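The chain contents come next:
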Amino acid sequence: MKFWPDDPAADIEAVFADIAATRMAGLPICNPALQVEAVGFRLAGHGHWTGALVTPWAINLLCLPGHADWPAVAAGSHYDWAFPSGVYEFIVADEARLGRYHLCSLFSPAGEFASHEQARLTALAAITALFNDPLAAPPDPPVDAPPPSRRAFLGLRG
């Protein structure tokens, strides 16, 4: 089994750029405004790499092994990963140059994006949300801060 002690983003981009230029080239589900980019990869609490992958045909969350303790499940199976924002179902995939990885589709196909930057920012927002606890209480205001005025609370000046 292949695992990634360091950020796999460059390797992911190289593999999927090759796929875009070969297997996916010219297919009508591809959005010509998009390119291959790995976005926001980081080690999750379970010690495995998680990030988003933008391609001309989809935007997916990906998990790749960061160490040898990786779920032994067959390609095509489903696996649930827990993150601060909740538990999400991923599909187990296998690509010769990457080995076994898990993906969760966010947009497929990705035809609604007018630009690569729009797709990239959407992927980044998804990763940010994935790692945020939606039930966490907002931080308390500083003890010495005066309470906001009613006008400020309503968004008015003064």
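Just so you know, these numbers come straight off a predicted model, no measurement behind them. (Residues numbered from 1 in each chain as written. Predicted model: local features only at pLDDT ≥ 70, side-chain atom pairs only at ≥ 80, totals over all residues. Heavy atoms only, no water.)

Student: Account for the sheet that holds strand β1 (residues 37–43), with residues named and values stated.
Tutor: Here 6 strands make up an open sheet; going across it, the order is β1-β2-β3-β6-β5-β4 and the pairing antiparallel. Across the chains shown, the open sheet's two edge strands, defined by having one partner strand only, are β1 and β4 (78–83). For this sheet, the mean inter-axis angle between neighbouring strands, taken without regard to orientation, is 35 degrees. One ladder, built from 5 bridges, connects strand β3 (residues 59–64) with strand β6 (residues 99–107); its direction is antiparallel. Among the inter-strand pairings, L62 is bridged to a residue of β6, identified as L103. (Pairing = 2+ DSSP bridges. Helix = DSSP H or I, 4+ residues; strand = E, 2+ residues; numbered from the N terminus. Axes fitted to C-alpha atoms, helices over the stretch in contact; angles between N-to-C directions.)

Student: Which residues make up the side chain of E37, and what values go with them?
Tutor: With respect to the element layout, E37 can be found in strand β1. Side-chain polar atoms of E37 contact the side chain of H116, separated by 2.6 Å. With residues near it in sequence (within four places) discarded, E37 still touches E13, A52, L53, V54, H116 and R120. (Polar contact = N/O pair within 3.5 Å; in protein donor to acceptor, adjacent residues only side chain to side chain. Contact = heavy atoms within 4.5 Å.)

Student: Which residues make up the pairing of β4, and what are the values?
Tutor: The pairing of β4 with strand β5 (residues 86–95) spans 6 bridges and is antiparallel. The partner of W81 across the bridge, within β5, is Y88. Between β4 and β5, which pair antiparallel one after the other, the connecting turn spans 2 residues.

Student: So what about the environment of L103? Which residues, and what values?
Tutor: Mapped onto the secondary structure, L103 falls in strand β6. Along the backbone, L103 and L62 are 41 residues apart, and their C-alpha atoms lie at a distance of 4.5 Å.

Student: Quick one: what's the story with the pattern of salt bridges, residue by residue and with numbers?
Tutor: If you walk through the whole model with that rule in mind, you get 5 salt bridges. Note that E95 is salt-bridged to R23, the shortest N-O span being 2.6 Å. Taken as a pair, E95 in strand β5 and R23 in the loop between α1 (9–21) and β1 lie far apart in primary sequence, 72 residues in all. By relative accessible area, R23 is classed as exposed at 52%. A salt bridge links R100 to D94; the shortest N-O distance between them is 3.4 Å. The class for R100 is partly exposed, based on a relative accessible area of 28%. Each of the salt bridges in this network shares a partner with another, and the network as a whole consists of E37, E117 and R120. (Salt bridge = Lys/Arg side-chain N within 4 Å of Asp/Glu carboxyl O. Buried < 20%, exposed > 50% of the residue type's maximum accessible area, 1.4 Å probe, protein only.)

Student: So what's going on with the packing of aromatic side chains? Which residues, and what values?
Tutor: On inspection of all chains with the given rule, the structure shows 7 aromatic pairs. Taking the centre distance of 6.2 Å and the plane angle of 40 degrees together, the rings of F83 and F90 count as tilted. Like F90, F83 is buried. Centroid distance F83 to F131: 5.6 Å. Interplanar angle 80 degrees. Geometry classified as edge-to-face. In this pair, F83 is assigned in strand β4 and F131 in the loop between α2 (116–130) and α3 (150–153), connecting sequence segments 48 residues apart. Of the residues examined, F83 reaches a relative accessible area of 8% and is grouped as buried. (Phe/Tyr/Trp six-rings, centres within 6.5 Å; stacked < 30°, edge-to-face > 60°.)

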